[in-house]
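So you can see what is in the structure, the chains are spelled out below.
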Amino acid sequence: MAKKAVEHTFTGQTVTYTSYDATKTMLGDLILQKTGPLATDKFAGPFPITLARPMEASTAIASQYPHVIPWSDTIDWIFMAELSTAGATRRVIKYEYNKLTQSMAWSGFILLTLPTATAHTIRGLRVVPHLYTTGTVAVSDVDVTGTGTAWQTARYAAGARIGFGTTDPTVVATWYYITTINSNTSITLQGSAPTFSAGTDFVIEELRVYVSTTNATTANGGLFVAKGINADDFAAAGTTVAAATTTDNLKAVYWLADASTVLNIQAGGLTISDTYSDTSHYMYVINADTTTTMRIYKYDGRAALSGLSSGKSTSAFLLRTGQQSVTGTISQTNAGRIATTSHGPGAGVSCLYTVTTTRILRIIEAGITDANTTYVTDAMSEIPTGSANTFAINSAISSIEYTSLIDRFVVTTGASQRNYVTKYDTSSVAFDHVMFSDNKQLNHTLSDDGLTPFPTTTSAGFSVWVEGGRGYFARTGTTSIINQLYVVPIGAQWDYALTTNNRLITPELSTVGASRFYRVYVNSERNLGSDNLGLPPEPFRVYYRTSGIVDDSGAWTLLSSVGDLSSITAVDSIQFMIEFRIFGTTAIPARIYGLTFIYEDDATDSHYQPSVGNSSIADKQFAWRFSSAFGDTVPPLRVRLYDAVNNNLLVDDTSDSPTGTWEKSIDDGENWIAYDTDDRANSTTYIRYTPASLGNDIKVRALLTQN
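Summary of the structure given here. Nothing here was measured: the structure is a model prediction, and the numbers come from that model.

### Regarding the overall build of the protein chain
Line of reasoning, step 1. When its secondary structure is counted, the protein chain shows one helix and 51 strands.
Line of reasoning, step 2. Relative to the compact-globule value of 27 Å for 707 residues, the protein chain shows a C-alpha radius of gyration of 34 Å, a clear excess of over 25%.
Line of reasoning, step 3. Principal axes of the C-alpha set define a box for the protein chain whose edges measure 115 × 65 × 50 Å.
Line of reasoning, step 4. Counting all 707 residues of the protein chain, 54% fall into the buried class.
Line of reasoning, step 5. Taking the intrachain contacts of the protein chain between residues at least 6 apart in sequence as the baseline, contacts between residues at least 24 apart amount to 64%.
Line of reasoning, step 6. Mean positive and mean negative side-chain charge positions of the protein chain (48 and 63 charges, respectively) differ by 6 Å.

Next up, the structure:
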């Protein structure tokens, strides 16, 4: 029996798991196969952590509260709110994240001139994209004439951008900027455009930037919206957006007031409904009337604004609830998310989830009604993963985010505490996962090159948005040492890989002729960074299957960490699957370079060599030299004699239950003694086998293996 190896390195063809192909490496949506000039550049696994540094951009702006828009299959837009000292103007920055290359590019910022020119602090940020493609257009110079269009009715604003010849914004070659929307069928452009004949497709893309603020002059806070924003406004030098005055739907910042004298003055974040149209989009601002009594204000962000005066209108305000007391201190750090979960008491119901320092609160969206004082439906207490005897209770919960990919909530906490990922459960159970730590590592550009960046809290909390399983974590600090943005593949966590298919799967590996399986060895990165400062990635686990490979019907079996497969019946092929842990101390994903599977095939055992000199055709004896030691007692051996012409099995005998005669020589075949299981004595040790009976005139192939 000869030991053989089949090796797979992650350098070949790949397909996504949804296009399963047993001849190729299969990758989940958050799993990739990387390449590069070095051997260590060629690996597979969850995408590496990406790091951006807002305080080290060409215009340094401390930033928080990421809100992400998946603009295309390749690009995510990340928007963040200015974190620096309160002011009459507030900046919103934009990054572009490339999901294929895991690269981050700083686009720039816009400067919002708020209608109340006093010191604002942003408490919540949302950016909503609106696309309009209904009808067709004709274009001549700066004039756009629509057929079947209703631009004013749909409440689009001047300042939006328009592209021609397509309804898909991701393929627009040249964008033009709208100066005026004259009517439902007439637009004036900022600059001349080529001539397009009637019947041309088009797309208008407008961004609405919503911020909730508190203010040093208390009644000057509330909800504000910047209309008519386009992606190109986020420029390195910045684009100033003026405060609105008396006209709606201009490129300007509007105050969506709840009353002449604003009462929504202690905003605790900003939450938007998942569904919206051109004429309606519900917004919810939690107000901390006191530290432990809340009230919810509801607005329609797409309402037509009448009665505008100095950019202020109450037309968008719909209602406010009554006060309700809660346990813990109400958070004012972007703390709210509308979600329809597939688990827990809120399963299948649109609910607003928010937090206090000690609780997660659930509020049924339909229950947010005027003057209602019992809208908080239930609450989940903070119980750390593994119990309060494993990790101390933080009592510092700050924000909550929902990821539909794994149907869980991301819960951020205080400056030096652990963060959580958990289901919503009110039955006094512990949070599912704990992640990140405070190891004081600094990830700015002056840090040692031997570091591998990861989201350590570094005495500052996180705000977070999750999109498509990618967690965008912004650390809330005002210096280049602390203020960073990380992209982490949290949707690749192994607990949820079964439902998300975020797994790494090898092609079918051939083991034709295998008579015994041994084990699999996985070659992975042990340390990322220098010897002194590097860190080990998070662990991974390995599964195998030997059936249902071609059609992906076979069940997977988890292997132990030693990769032992010796108890498995050998077959002609095998396949391996790897899952990854992300929720850990560092969240650094593992990198897999390759794997090697060891098995034995139907050939003479590698410890023995056939011996012609000590074999005898006349006496029907078959001999082998004992060529390499086992290092222990010799295991039971097996002899099979085949008809070499038709491959029919003639004799099948074992050393521990023999029917024929087993012998041994330790003097080069001069003398033969009874067979024993002692290990190799010297280079002249042989064994010999004589079958009990064997026909004459047969060409025989003799095979010696372990039993």
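Picking up after the structure, the text goes on.
### What to know about the environment of T557
Line of reasoning, step 1. Tracing the backbone shows T557 in strand β41 (residues 557-558).
Line of reasoning, step 2. Note on T557: relative accessible area 37%, which makes it partly exposed.
Line of reasoning, step 3. Here the alpha-carbon distance between T557 and G301, two residues 256 residues apart in the chain, equals 51 Å.
Line of reasoning, step 4. Not counting chain neighbours up to four residues away, the residues in contact with T557 comprise V542, Y543 and Y544.

### Quick word on the packing of aromatic side chains
Line of reasoning, step 1. Using the criterion set out here, one finds 30 aromatic pairs in the structure.
Line of reasoning, step 2. Taking the centre distance of 6.2 Å and the plane angle of 70° together, the rings of Y17 and Y20 count as edge-to-face.
Line of reasoning, step 3. Note on F597 and Y599: the rings are 6.1 Å apart at their centroids and 20° apart in plane angle, and the pair reads as stacked.
Line of reasoning, step 4. Taken together, the ring pairs in this structure connect W71, W77, F79 and F234 into an aromatic cluster.
Line of reasoning, step 5. The side chain of R161 reaches across the aromatic face of W175, ending 4.0 Å from its centre.
Line of reasoning, step 6. In this arrangement the basic side chain of R688 is found over the ring face of W672, its NZ or CZ atom lying 4.1 Å from the centre.

### What to know about the nonpolar core
Line of reasoning, step 1. Grouped together as the largest cluster of nonpolar side chains are 66 residues, with contacts concentrated most on I78, Y95, L485, I490, L504, F576 and F597.
Line of reasoning, step 2. If sequence neighbours within four positions are ignored, Y95 has contacts with A52, R53, P54, D76, W77, I78, M80, M104, A105, W106, S107 and L485.
Line of reasoning, step 3. Listed in part, the 26 residues of the second largest apolar core include V127, L207, V209 and F224.

### Focus: the sheet that holds strand β32 (residues 419-422)
Line of reasoning, step 1. If you trace the four strands from one edge of the open sheet to the other, you get β30-β31-β32-β33, paired in antiparallel fashion. The open sheet has two edge strands, β30 (399-403) and β33 (433-435), and neither has a second partner. Shown here is a sheet whose adjacent strand axes are inclined to one another by a mean of 25°, direction ignored.
Line of reasoning, step 2. Relative to β33, β32 is paired through three bridges, and the arrangement is antiparallel. For N419, the partnering residue across the bridge sits in β33 and is M435.

### Thoughts on unusual backbone geometry
Line of reasoning, step 1. In this structure, Y65 is a non-glycine residue whose phi angle is positive, near 55°.
Line of reasoning, step 2. Turning to its location among the elements, Y65 is positioned in strand β7 (residues 63-70).
Line of reasoning, step 3. Using a relative accessible area of 3% as the deciding quantity, one classes Y65 as buried.
Line of reasoning, step 4. Within the chain, D668 stands out as a residue other than glycine whose phi angle is a positive 70°.
Line of reasoning, step 5. As for its position among the elements, D668 is in the loop between β48 (661-665) and β49 (673-674).

### Some remarks on the environment of R418
Line of reasoning, step 1. For R418, the location among the structural elements is in the loop between β31 (408-412) and β32.
Line of reasoning, step 2. The spatial distance from the C-alpha of R418 to the C-alpha of T457 is 8.2 Å, given a sequence separation of 39 residues.

### Thoughts on the sheet that holds strand β27 (residues 351-355)
Line of reasoning, step 1. Spatially, the four strands line up as an open sheet ordered β26-β27-β28-β29, and their pairing is antiparallel. Single-partner strands in this sheet number two, and they are β26 (337-339) and β29 (376-381). Between one strand and the next, the sheet's axes are offset by a mean angle of 30°, whatever the strand orientation.
Line of reasoning, step 2. Direction of pairing for strand β28 (residues 359-364) relative to β29: antiparallel, over a ladder of five bridges.

### What to know about the pattern of salt bridges
Line of reasoning, step 1. Scanning the model with the defined rule gives 25 salt bridges in all.
Line of reasoning, step 2. Close ionic contact of E205 with R161 constitutes a salt bridge, the shortest N to O distance being 2.7 Å. Of this pair, E205 sits in strand β16 (residues 202-215) while R161 sits in strand β13 (residues 161-164), and the two are 44 residues apart along the sequence. Comparing E205 with R161, the two get one shared label, buried.
Line of reasoning, step 3. A salt bridge links R295 to D289; the shortest N-O distance between them is 2.9 Å.
Line of reasoning, step 4. On the accessibility criterion, D289 (26% relative accessible area) is partly exposed.
Line of reasoning, step 5. A single salt-bridge network, built from bridges that share partners, covers E82, R90 and R91.

### Here's the deal with the environment of T546
Line of reasoning, step 1. On the secondary structure map, T546 appears in the loop between β40 (540-545) and β41.
Line of reasoning, step 2. Measuring from C-alpha to C-alpha, the distance between T546 and G36 comes to 32 Å, with 510 residues separating the pair along the chain.
Line of reasoning, step 3. When near neighbours in sequence (up to four residues on either side) are disregarded, T546 contacts F517, V571, S573 and I574.

### Quick look at the side chain of S573
Line of reasoning, step 1. Examined against the element boundaries, S573 turns out to sit in strand β42 (residues 573-580).
Line of reasoning, step 2. Its relative accessible area of 13% is what places S573 among the buried residues.

### What about the side chain of T200?
Line of reasoning, step 1. Take T200: it is sitting in strand β15 (residues 186-200).
Line of reasoning, step 2. Among the polar contacts listed, one links the side chain of T200 to the backbone oxygen of S197, at a separation of 2.6 Å.
Line of reasoning, step 3. In this view, T200 contacts T136, V137, F164 and G165; residues no more than four positions away in its chain are not counted.

So, how was this worked out
- Residues numbered from 1 in each chain as written.
- Predicted model: local features only at pLDDT ≥ 70, side-chain atom pairs only at ≥ 80, totals over all residues.
- Heavy atoms only, no water.
- Helix = DSSP H or I, 4+ residues; strand = E, 2+ residues; numbered from the N terminus.
- Rg over C-alpha atoms; globule rule 2.2 N^0.38 Å.
- Buried < 20%, exposed > 50% of the residue type's maximum accessible area, 1.4 Å probe, protein only.
- Contact = heavy atoms within 4.5 Å.
- Lys, Arg positive; Asp, Glu negative; His and termini not counted.
- Charge placed at Lys NZ, Arg CZ, Asp CG, Glu CD.
- Phe/Tyr/Trp six-rings, centres within 6.5 Å; stacked < 30°, edge-to-face > 60°.
- Lys NZ or Arg CZ within 6 Å of the ring centre and 35° of its normal.
- Core = buried A, V, L, I, M, F, W, Y, C linked by side-chain atoms within 4.5 Å.
- Pairing = 2+ DSSP bridges.
- Axes fitted to C-alpha atoms, helices over the stretch in contact; angles between N-to-C directions.
- Salt bridge = Lys/Arg side-chain N within 4 Å of Asp/Glu carboxyl O.
- Polar contact = N/O pair within 3.5 Å; in protein donor to acceptor, adjacent residues only side chain to side chain.

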